[in-house]
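Each chain is listed here by its residues.
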Amino acid sequence: MKIIATIILYLYCIVAVLGQTTFEFLGVVKDSTTKERLVSASVFILPMQTGLSTDQQGKFKMDLPKGTYSIQISFLGYNTLRKEIEVSTNAVSKTFLLAEKSIAVENVNISAKKSDENIRSIEAGTLILETKDITGLPSLMGEPDIINALRLTPGVQGGGEGNPGLYVRGGDAGQNLILLDNMTLYNPSHLLGFFPVFNADIINDATIIKGGIPAQYGGRASSVIDVSMKEANTSQLKISGSMGILSTDLAIESPINKGEGSIIISGRRTYLNAVKFMAKPFIKSANSFFSNTDYYFYDASIKLRYNISPKTRIFVTAFGGKDAYNLMDNEYNVSNRMQWLNGAGAVRLNHTFSKKLIANLATSKTLFYYNIDASFNTYGFNLYSAIDDWKNTLDFTYLGDGNGLLKFGVSHTKHLLTPNKLDVDAGEIAYKNTSQYHSNEYSAYLNGTKKLTESFTISGGLRSTYYQHKGPYTHYVRNAKGQLSDSTIYNAEEVVESYLKFDPNFSFIYLFNNQSSIKGSVSMIHQFVHLASVGTVSLPTDVWLPSTNFIKPQQVLQMSSGYFRNFKNNTYETSVELYYKQLNNQVDFQNGVLDNFDNTKIESNVMLGSGIAYGAEFFLKKKVGNTIGWISYTLSKTLRKFEGINNNKYYPAKYDRVHDFSFTLNHKLNDRWALSAVFVYATGNALTLPAGRYIIQGNVANHYTDVNSFRMPAYHRLDVSANYKLKSRKRFESWLNFSIYNVYNRSNPYFIYFAIKGDLEHYYLSVAAKQISLFPILPSITWSFKF
Amino acid sequence: MRLVKIFITIIIFSAMGIFSCVEPNFEVENYQSEIVIDGWIEQGKSCQVLLTLSAPYFSEIDSISLRKYGLTRAKVTLSNGENSEILTLKPNTLYFPPYYYISTDMKGKAGETYTITVEYGGVTSFATTTIPEPVLLDSTWFALDNNKDSLGYVWIKFKDNANSKDYYRTFTQIIGEDLKYIPNHIPNFNDAYFNGQNIVFSLFKGNKSIEKEDDFYYKIGDTILLKFSTVDRDSYNFWNSFQKEIANTGNPFASSNARVSSNVTNGLGIWCGYGSTYYQINAK
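Everything quoted here is computed from the prediction, not taken from an experiment. (Residues numbered from 1 in each chain as written. Chains lettered and ligands numbered in written order. Predicted model: local features only at pLDDT ≥ 70, side-chain atom pairs only at ≥ 80, totals over all residues.)

Description of the overall build of chain A
- From N to C terminus, chain A includes 6 helices and 47 strands.
- Within the span of chain A, comprising 787 residues, buried residues form 43% of the whole.
- Partitioning the intrachain contacts of chain A with sequence separation of at least 6 by distance along the chain shows that 64% fall at a separation of at least 24. (Helix = DSSP H or I, 4+ residues; strand = E, 2+ residues; numbered from the N terminus. Buried ≥ 20, exposed ≤ 12 C-beta atoms within 10 Å, placed from the backbone. Contact = placed C-beta atoms within 7 Å.)

Concerning the overall build of chain B
- When its secondary structure is counted, chain B shows 3 helices and 19 strands.
- The buried share of chain B, taken over its 284 residues, is 36%.
- For chain B, contacts bridging at least 24 residues in sequence account for 62% of all contacts bridging at least 6.

Topic: the nonpolar core
- Residues Ile146, Leu150 and Ile225 of chain A are the most contacted members of the largest nonpolar core, which totals 77 residues.
- In terms of nonpolar packing, the next biggest core, distinct from the first, is built from 44 residues, Phe96, Ala127, Tyr167 and Trp239 of chain B among them. (Core = buried A, V, L, I, M, F, W, Y, C linked by C-beta atoms within 7 Å.)

Remarks on the sheet that holds strand S2 (residues 35–42) of chain B
All names here are of chain B.
- Strands sit in the order S7-S8-S3-S2-S19-S17-S13-S14 across an open sheet of 8 strands; the sheet is mixed. The open sheet has two edge strands, strand S7 (88–91) and strand S14 (182–190), and neither has a second partner. Neighbour-to-neighbour, the strand axes of this sheet turn through a mean angle of 30°, independent of strand direction.
- By the bridge criterion, 4 bridges tie S7 to strand S8 (residues 99–102) in an arrangement that is antiparallel. (Pairing = 2+ DSSP bridges. Axes fitted to C-alpha atoms, helices over the stretch in contact; angles between N-to-C directions.)

Notes on the domain arrangement of chain A
All names here are of chain A.
- Under the domain assignment, chain A is made up of domain 1 (2–98) and domain 2 (117–786).
- If you look at the interface, domain 1 gives 6 residues, while domain 2 gives 7 residues.
- Partitioned by chemical class, the residues of the side of domain 1 that touches domain 2 number 2 nonpolar, 1 polar and 3 charged. (Domains from an automatic or database assignment. Nonpolar A, V, L, I, M, F, W, Y, C, P; charged D, E, K, R; others polar.)

Focus on the environment of Lys730 of chain A
All names here are of chain A.
- If you trace the backbone, Lys730 turns up in the loop between strand S43 (715–725) and strand S44 (733–741).
- On the neighbour-count criterion, Lys730 (6 C-beta atoms within 10 Å) is exposed.
- Here the alpha-carbon distance between Lys730 and Lys552, two residues 178 residues apart in the chain, equals 61 Å.

Considering the environment of Ser364 of chain A
Residue and element names in this part refer to chain A.
- Among the secondary structure elements, Ser364 is positioned in strand S21 (residues 357–376).
- Its 23 C-beta neighbours within 10 Å are what place Ser364 among the buried residues.
- Separated by 26 residues in sequence, Ser364 and Trp390 place their C-alpha atoms 5.9 Å apart.
- In this structure, Ser364 is in contact with Asn182, Met183, Ala344, Gly345, Ala346 and Lys391, ignoring residues within four places of it in sequence.

Regarding the domain arrangement of chain B
All names here are of chain B.
- According to the domain assignment, chain B contains domain 1 (35–130) and domain 2 (139–259 + 274–282).
- Computed from C-alpha coordinates alone, the two centres of domain 1 and domain 2 are separated by 25 Å.
- Counting residues at the interface gives 7 residues for domain 1, matched by 7 residues for domain 2.
- For the side of domain 1 that touches domain 2, the secondary-structure elements that each account for two or more residues are S2 and strand S10 (123–130).
- For the side of domain 1 that touches domain 2, the per-class residue count stands at 3 nonpolar, 3 polar and 1 charged.

Thoughts on unusual backbone geometry
- A cis amide bond, omega 5°, links Gly471 of chain A with the succeeding residue Pro472 of chain A.
- The topology assignment puts Pro472 of chain A in the loop between strand S25 (456–470) and strand S26 (473–478).
- Unlike most non-glycine residues, Lys568 of chain A shows phi in positive territory, near 45°.
- Its place among the elements puts Lys568 of chain A in the loop between strand S32 (554–567) and strand S33 (572–589).
- The backbone phi angle of Asn266 of chain B is positive, close to 65°, even though this residue is not glycine.
- In this fold, Asn266 of chain B is placed in the loop between strand S18 (264–265) and strand S19 (268–282).

Here's the deal with the sheet that holds strand S14 (residues 223–229) of chain A
All names here are of chain A.
- Ordered by their spatial adjacency, 5 strands build an open sheet running S8-S13-S14-S11-S12, and the pairing between neighbours is mixed. Looking at which strands have only one partner, the edges of the open sheet turn out to be strand S8 (126–130) and strand S12 (183–185). Going from strand to strand, the sheet's axes swing by 20° on average, the running direction of each strand aside.
- Where strand S13 (residues 203–209) and S14 come together, 6 bridges link them in antiparallel fashion. Across the sheet, the residue bridging to Thr207 is Asp226, located in S14.

Notes on the pairing of strand S47 (residues 778–786) of chain A
Residues and elements named next belong to chain A.
- Inspection of the sheet shows strand S15 (residues 238–243) paired to S47 by 4 bridges, in the antiparallel sense. In the sheet register, Ser242 faces S47, and the bridge partner there is Ser784.
- Of the pairings in the sheet, the one linking S44 to S47 comprises 9 bridges and is antiparallel in character. Its bridge partner being in S47, Asn737 is matched across the sheet by Thr782.

Section: the pairing of strand S34 (residues 606–622) of chain A
Residue and element names in this part refer to chain A.
- Across 16 bridges, S33 lies against S34 in antiparallel orientation. Bridge assignment links Ser575 to a residue of S34, and that residue is Phe619.
- For S34 and strand S35 (residues 627–642), the ladder comprises 14 bridges, and the chain directions are antiparallel. By the bridge assignment, Gly615 is partnered in S35 with Ser636.
- With antiparallel pairing between neighbouring strands as the criterion, S34 and S35 make up a hairpin whose turn holds 4 residues, including Gly625 at a positive phi of roughly 115°.

What to know about the confidence of the model for chain B
Residues and elements named next belong to chain B.
- When pLDDT is averaged along chain B, the result is 82, and 83% of the positions lie at 70 or above.
- Element-level mean pLDDT values for chain B span from 35 in helix H1 (residues 2–17) up to 96 in strand S17 (residues 223–231).
- Ignoring residues within four places in sequence, the model shows residues 209–213, a span with pLDDT below 50, making 3 contacts including any to other chains.
- Note that pLDDT drops below 50 for residues 252–256; the model gives that stretch 20 contacts with residues more than four away or on any other chain. (pLDDT = per-residue confidence, 0-100.)

Quick word on the confidence of the model for chain A
Residue and element names in this part refer to chain A.
- Of all residues in chain A, 84% attain a pLDDT of 70 or more, and the chain-wide mean is 81.
- Least confident of the elements in chain A is helix H1 (residues 2–18), whose mean pLDDT is 37; most confident is S25, at 95.
- Overall, residues 1–20 carries pLDDT values under 50, and its contacts beyond four positions in sequence, including any with other chains, amount to 4 contacts.
- Contacts from residues 593–598, a stretch scored under 50 in pLDDT, to residues over four places away or in other chains number 11 contacts.

Overview of the environment of Asn745 of chain A
Residues and elements named next belong to chain A.
- You can see Asn745 is positioned in the loop between S44 and strand S45 (751–757).
- C-alpha separation for the pair Asn745 and Leu778, spaced 33 residues apart in sequence, amounts to 8.4 Å.
- With near-sequence residues (within four places) excluded, Asn745 lies in contact with Pro776 and Ile777.

Here you go:
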């Protein structure tokens, strides 16, 4: 095999030499101290006035006629390097070392991409946030949260108070493909979104793709959130960490075998127990809510890279996070335990076949589960729900002649879903119910980008997925009256239902000039696993369901376009984007989770509907200077339609946001102090409230008129923070972050309930709406360090 | 150090201990009250219809306004397709409102379909129901709970009809304790899981309050009257959704999409035909 590969390689070289009229020049751009490769640094050949940027491995390649050239390499946060190069033979390779500018950590870089990247990149509806971008922003408990920061950008919404979900352009929280170094994660969150999911020490950047999703991604209908872990420093040992009031984290980076490999390990743990112990003298009642509850989470991650050969590298990554919450009340004999876990691990081989062809072979495993245990006297209740994925992928990237790029590959995902495993023991009644589903997704894709002229570039692709729902499974057949008339039993590996779906996408960019461009995209995406919300509040207890013969795959068609314009030499970035979406086979529970008792299958409780979503996104960002920040505003409409609801007419989805506004500001006072603020405003969630009530057999029933015809009060909040850089010694740097979350102590609604007083027997009834809010004003202080 | 401790305590308390609670305002503009029918007809018996108007959700209800919601001036007509009768208003002490409309000539008959028409204030509401064939129980008995000395359940045994989709509803009345038949705890069920089979069931006592564990039990010494009824599909759907609505009201973890279905056109509520059989069980 190796011989064949070598021969092909030789043949390739011969062909390359024969066809050559220019010489190939290869370069690698690295950090001068850490020797880390710099991705997307811009390279400019001065006399020729042409430029390009470095690839994923910090490399670039250009064909030049024989001669001497002046080359200029720049990268935000680094000093610009200017050098003379001589091109006289083929395949000259040179390494360029860039020295980091000495910037205080709180001096936030909004982007390390090229300054006009937003104008030139073909991806409309795509945004990249780097950890550097957000370290200066105020954060709850002082921990920077990259997922939270995405919510501050146009088209991306949070779900409101205590809801960790992301809602992208009218999609629901289960329609986001969340990838951590190519490992799929299912609704990752810590304590109702209170803490960031990912430890900022290990995250390099997060990319969100809202529209025109390329074919290499698939399986989620609304967005891709691709979080990449930092690669460890290859030249020296580095330790960084932070200590806050409730948690501490630590990350260690180390080179392996003189830079042949590297490893980064990080961990984080809350210490509420210790804090509780310290706070004990101040709590009077021994039986308060505070002393009866216990909460902790931890997470850990590892990334290892090793160069097996000059062309082959191996990556091993893993992530695990677990939350546990306990409530014990001995007086009332009540106990309540809740746990949820997110875990994933992957091994990836990266091989460079040639300068143009790179391949990645990866296998990964994902597990998400939650478990709720509750008991009251002799009653016991246990609910377990899980999703277990095993994914294998083979991806190729073919770099064309500089004007094109081709990505293609195949993948297989094996899902094992356990939407609900219920175990109820209520004295006389003992009830057990497990529903479990096995399914497979086989996909193949091809996606290409081609620069047609200097100002016009197109991109397009196709992804096809063959989905199978497999046994063991029992299919219940019902007659017209809904009566159980027959059942078919499928054995393991027997195919119950299959779907073959095609997801095409197309996008284009037209550059008017160096300062403005127009982009457009259209894409169709199918999704085979569904997140169904079980209540009116969002908890990690929402349920993942597969596609079956009852539940058809979701289908989302999106069209979007945008105008991008930069001002004052890219100091200001602005954009307006429009989108329209048609959503089919959307999933909702008919009667809530409490209806599980009376059904043979959880899926028969689900109803399918459709939806439309459209909106306009406005973005203004100041990128350079001592004062930087952005304003984002989204005006949108998200509608759903389900049979039998609101006379089969469209109605607002729960997360329909008419207005979504956010404002972030960073101001550098001096070398030590930096201040920042974030303000968010969002229209309240739509909700269904009874409009009237009536009496049947002495019981009061609610009279609902239209679904989601009411609105919760608007969500708004201001956070501020200050970063103070402490005196640094040699390699040791540390700083303090003072944050105040919810400065004006706004009570944002978590859920609304009604308190009914009186009863009919006494001929008196009164009703009052009550709103529960979670997070009041929260000051915090965090000490961070690195050396 | 003390300052630090206080600071920490404040944070933990505000974060974990005290969820704040405020009262938001929701305005329901121009709520239009609807006619609410709560009526039933049983084989061999007169029909009974309680009529009310629905009230705006946030209005306070007291003894004066409650009477306003009871309808006493409606024209209520019962019809079986051939004959019809205008119902008579009479006082009642068992249910709210303190008046009901009853038939004097027409009595229910199994297998027949009945329509009720209510005319009030220019609005006509109507509903149709069928009295299904009653089902005879093979046996009924009382048995103690394994862990209890004097408390237990009522058990029933019967054979479901294999050729029809059957919906059931059960009630009990303890003599000397209850003034009327009270639906059991989980009173509605259908034959989805036991079509055509012999089935043995335990019935829990129905109660308004579920706070006390012992309230699901009948006790030794009780004389229990059992009403075992069959209902049609629309009536079952109503009672099933009604039961859920009562149980889930205010529960944020239950979906708010659940709504009470109704067989009433131009109104709310239920017009229900019962095919009933009656039993007496002496708990000993």
